[in-house]
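Observations on chain architecture
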Number of protein chains: 2
Amino acid sequence: MSVTAAAGFQAAGVSAGLRSSGEPDVALVVNRGPHFAVATVFTSNRSKANPILWSEQVVADGVAKAIVLNAGGANCFTGAEGFETTRLTAGAVAAGLGMATEDVLVCSTGLIGEVLDRHKVLSGVDAALAALSGNALSGNASSINPLSINPLSINGGMQAARAILTTDTVEKLSVREHGGWTIGGMAKGAGMLAPALATMLVVMTTDAELKSAELDAALHEAARVTFNRLDSDGCTSTNDQVTILASGASGIQPALDDFTAVLKEVCADLAQQLMADAEGASHEITIVVHGAKSEADAEEVGRSIARSNLFKAAVFGNDPNWGRVLAAIGTTNADFDPYKVDVSMNGIRVCHHGEPDVPRDQVDLSDRFLVVELDLAAGIASATILTNDLTHAYVHENSAYSS
Amino acid sequence: MSVTAAAGFQAAGVSAGLRSSGEPDVALVVNRGPHFAVATVFTSNRSKANPILWSEQVVADGVAKAIVLNAGGANCFTGAEGFETTRLTAGAVAAGLGMATEDVLVCSTGLIGEVLDRHKVLSGVDAALAALSGNALSGNASSINPLSINPLSINGGMQAARAILTTDTVEKLSVREHGGWTIGGMAKGAGMLAPALATMLVVMTTDAELKSAELDAALHEAARVTFNRLDSDGCTSTNDQVTILASGASGIQPALDDFTAVLKEVCADLAQQLMADAEGASHEITIVVHGAKSEADAEEVGRSIARSNLFKAAVFGNDPNWGRVLAAIGTTNADFDPYKVDVSMNGIRVCHHGEPDVPRDQVDLSDRFLVVELDLAAGIASATILTNDLTHAYVHENSAYSS
């Protein structure tokens, strides 16, 4: 499952004591080849964590052989010492696996502005190397046979998926097989899920054989309509990173369109799981905007609703308050007439051409899933945005998270 | 006090049964001249309520003689019938006072997308006409002497200020005197306080003598740095309207700079009161951004913090989480280097050049007032944004408000 479903990958997840709860907090995923293509999408936030600054350099040549991830500390705004901790983490992985430091990606998640305990992270790397799937009993990183892919790798993938969680309540996993090759992935993220990514760490692997430029094109197209349209609380993290590693171990070179389509499925599946586990959410809200003049307009309109605290608090109270939908979309620059808009909730059209239609008390919001549909009557483009409601649990979790 | 502090104005506030609580819900302010200059700032929301659509027409000639306001219904997205209710409301005021319908402004606040009860509003207008300060005992609108300004007008101003409240807990009033003339005002607004206004209704009056173009210039300059920098929850209302009426009854023509400065004081005072009464807030947060390359940059940076649910939930939890400040400002396009930024909270510099400085546990957030100061180290411009924290009470109020 997860990142070890595709041939050519090993993984591990261990506890290094970075999370005060003692839960697993260091994950390692290794590409055993024969190819080592990589593609990434990084946070759009200009305030970038040290692992982002490092990983941007690693992927510059389109090659990466391993990725190490830690929970329990974002290593962001921690200065030169913090950057050095990231570099040493990559170096420890590289030394254990016999590869160049510059081929090891690093991801971190947790509190910003706190020093990440270097000793604990490096100890965690040692433990993860020893626990790499297929070598769980060896206890000796140097004994790893680079070509041995063991059935135990299934456990490695699960352990890695668990070790990247923070306030998440469940692992997020997805696997698709197609024409002899496989894409598998894991994700974490439960808040700060917003534009152009989130406190979202995603690692996907494939045994399809692709050039890094092809992998990059496929990933950006897939992320654009999945992860980038998940907007939980409008906050963009400093540490977001979506990575895909391609081993080529299947020996199959898929058509790029086929590969992109399957990758999009995996990304959409993971995005849906991220929404389902968003901090404190009691409703999962799918906002579908039709009839826009352009896809960008549809996205802007959908996102304005996903960012309306007033609308999202109303949904928490099971109140189909379509007036707050119209108030939200009126703040956008999209090309439409607010007085020609239709709004439906769970299939009930509560607003027609900017006037009340079916009485809103006929909408039942007691279910966890809400679909809000808008027809802007301005064109034929559409977009879907995923979000959740604003709840007491969200406020609680984010006022108590760091303490 | 309030709108009747300046010479030449009468006011009233009555209960018309629009609010289910039975509290006052129709307010009327009348300019008795000799001049009738008006200036307004309307919501920037493209989804505009019927009273906004009406009032935009009224002020086109720079003249208005009265303003009638109702709580208990926004009259927004209620179609042609809703617009006709607004027009009839203005007409009833005009008939009672012997003026043209096109000289009567209308404001509404309440739930969007619900029909406003026309009968109740018009009954409220009759009652308000009868109760106009100086005529409280007459019970007969036609008996009003257009030139009689009675000491009882003090009560009329207070009653009007009370009749525009919705979820507000207290009346907002401000008065300044300067060189023989006076500016007084009242405001309501407790949520949806965001960019370019809020569910904010403000009526100010002055007995200074100004041309409507001067009044307009003064109001826009004053609102730009006061009401427009109050950002409670990032949501912009469909019904915002800030109005100033000038009677010229003092006979004094102030220098425009003097008038603008005093008007700015009144607006700042009312804005501060709006922040203090924001829905469910437990902290009043003043964000001061220094060292920006431009004032627009400073404003954008300050607003990004005011809109970070994560930061605002942290403040609710008395957590001086400066990492969330840096994460927020990293999403802006302002011209600065995140790794050169200083952040202070209540005078304690917790971040210096993008690294931890004084340990954040030395910041005490137990007080209601929090000042967040940023130095962007990019220039000499600055701006101040007012906001509040994100609390359980906010979620409760906005999930239960409409039911």
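Structural notes, computed from the coordinates. Predicted model only: the values in this text are computed from it and were never measured.

**Digging into the overall build of chain A**
Looking only at helices and strands, chain A has 10 helices and 15 strands in total. In terms of overall dimensions, chain A is globule-like: its C-alpha atoms have a radius of gyration of 22 Å, near the 22 Å expected for 403 residues. If one aligns the C-alpha atoms of chain A with their principal axes, the spans along those axes are about 70 × 50 × 35 Å. Scored against the burial criterion, the 403 residues of chain A give a buried share of 60%. At a minimum sequence separation of 6, the contacts of chain A that also span at least 24 residues come to 79%.

**A short note on helix 3 (residues 118–131) of chain A**
Residue and element names in this part refer to chain A. Under the 1.5 Å per step criterion, the end-to-end length of helix 3 is 20 Å for 14 residues, consistent within 8% with the ideal 20 Å. Three or more residues of helix 3 are buried, namely V121, G124, V125, A128, L129, A130 and A131. Contacts from the buried residues of helix 3 go to strand 1 (9–14), strand 2 (26–31), strand 4 (66–70) and helix 2 (79–97). The distance from a side-chain oxygen at the start of helix 3 to the backbone nitrogen of H119 is 3.1 Å, and the residue carrying that oxygen is D117.

**Some details on the pattern of salt bridges**
Taken as a whole, this structure holds 46 salt bridges over all chains when the rule is applied. A salt bridge links E23 of chain B to R19 of chain B; its shortest N-O distance comes to 3.6 Å. For the salt bridge of R229 of chain B with E295 of chain B, the shortest nitrogen-to-oxygen distance reads 2.6 Å. Of this pair, R229 of chain B sits in the loop between helix 5 (212–224) and strand 9 (241–246) while E295 of chain B sits in helix 7 (residues 295–306); the two residues are 66 residues apart in sequence, bridging distant segments of the chain. Under the relative-accessibility criterion, R229 of chain B is labelled buried at 4%. Salt bridges sharing common partners tie together E221, R224, R229, D231, K264, E295, E299, R303 and R307 of chain A.

**Here we look at the nonpolar core**
Counting residues in hydrophobic clusters, the biggest one holds 87 residues, and the most contacted among them are V343 and L374 of chain A together with V29, L69 and M186 of chain B. Among the elements that line this core, the one with the most residues is helix 9 (residues 322–329) of chain A, at 6 residues. By size, the runner-up hydrophobic cluster in this structure holds 86 residues, among which are C76 and A163 of chain A together with I329 and V343 of chain B.

**A look at the relation of the copies chain A and chain B**
Placing chain A over chain B gives an RMSD of 0.0 Å and needs a rotation angle of 180 degrees, together with 0.0 Å of translation along the axis. Here the copies are linked by what is in effect a two-fold axis. Judged by C-alpha distance, H392 of chain A is the residue of chain A that lies nearest the rotation axis, at 2.8 Å. The overlap is high: 98% of the interface residues of chain A also sit at the interface in chain B, so the same surface is used on both sides.

**Side note on the environment of I305 of chain A**
Residues and elements named next belong to chain A. Here I305 lies in helix 7 (residues 295–306). For I305, a relative accessible area of 1% puts it in the buried group. With 26 residues separating them along the chain, I305 and T331 place their C-alpha atoms 9.9 Å apart.

**So, the packing of helix 1 (residues 50–58) of chain A against helix 2 of chain A**
All names here are of chain A. Two elements in contact, helix 1 and helix 2, have axes whose closest approach is 9 Å; the angle formed by their N-to-C orientations is 50 degrees. In terms of orientation, helix 1 lies oblique with respect to helix 2. When the axes of helix 1 and helix 2 are compared, the crossing they make is right-handed. Contacts between helix 1 and helix 2 involve N50, P51, L53, W54 and Q57 on the former and, on the latter, G79, G82, F83, T86, R87 and A90. Split into classes, the residues belonging to the contact of helix 1 with helix 2 amount to 5 nonpolar, 5 polar and 1 charged.

**Focus: the pairing of strand 7 (residues 181–188) of chain A**
Residue and element names in this part refer to chain A. Burial analysis of strand 7 places 8 of its 8 residues in the buried class, which makes it a mostly covered element. Of the two faces of strand 7, the one holding W181, I183, G185 and A187 and the one holding T182, G184, M186 and K188 are both buried throughout. Two strands pair when backbone bridges link them, and strand 6 (residues 172–178) and strand 7 are joined in this way by 7 bridges, in the antiparallel orientation. When the sheet's bridge partners are listed, E177 is paired in strand 7 with T182. Two successive antiparallel strands, strand 6 and strand 7, enclose a turn made up of 2 residues, where G179 displays a positive phi of approximately 50 degrees. Sheet analysis places strand 7 next to strand 8 (residues 201–206), joined by 6 bridges and oriented antiparallel. Across the sheet, the residue bridging to M186 is V203, located in strand 8.

About the criteria used
Residues numbered from 1 in each chain as written. Chains lettered and ligands numbered in written order. Predicted model: local features only at pLDDT ≥ 70, side-chain atom pairs only at ≥ 80, totals over all residues. Heavy atoms only, no water. Helix = DSSP H or I, 4+ residues; strand = E, 2+ residues; numbered from the N terminus. Rg over C-alpha atoms; globule rule 2.2 N^0.38 Å. Buried < 20%, exposed > 50% of the residue type's maximum accessible area, 1.4 Å probe, protein only. Contact = heavy atoms within 4.5 Å. Expected span 1.5 Å × (residues − 1). Polar contact = N/O pair within 3.5 Å; in protein donor to acceptor, adjacent residues only side chain to side chain. Salt bridge = Lys/Arg side-chain N within 4 Å of Asp/Glu carboxyl O. Core = buried A, V, L, I, M, F, W, Y, C linked by side-chain atoms within 4.5 Å. Least-squares fit on C-alpha atoms with pLDDT ≥ 70 in both. Axes fitted to C-alpha atoms, helices over the stretch in contact; angles between N-to-C directions. Parallel < 35°, antiparallel > 145°, perpendicular 65-115°, else oblique. Left-handed = near helix turned anticlockwise from the far one by under 90°. Nonpolar A, V, L, I, M, F, W, Y, C, P; charged D, E, K, R; others polar. Pairing = 2+ DSSP bridges.

Taken by themselves, the reported measurements are silent on function.
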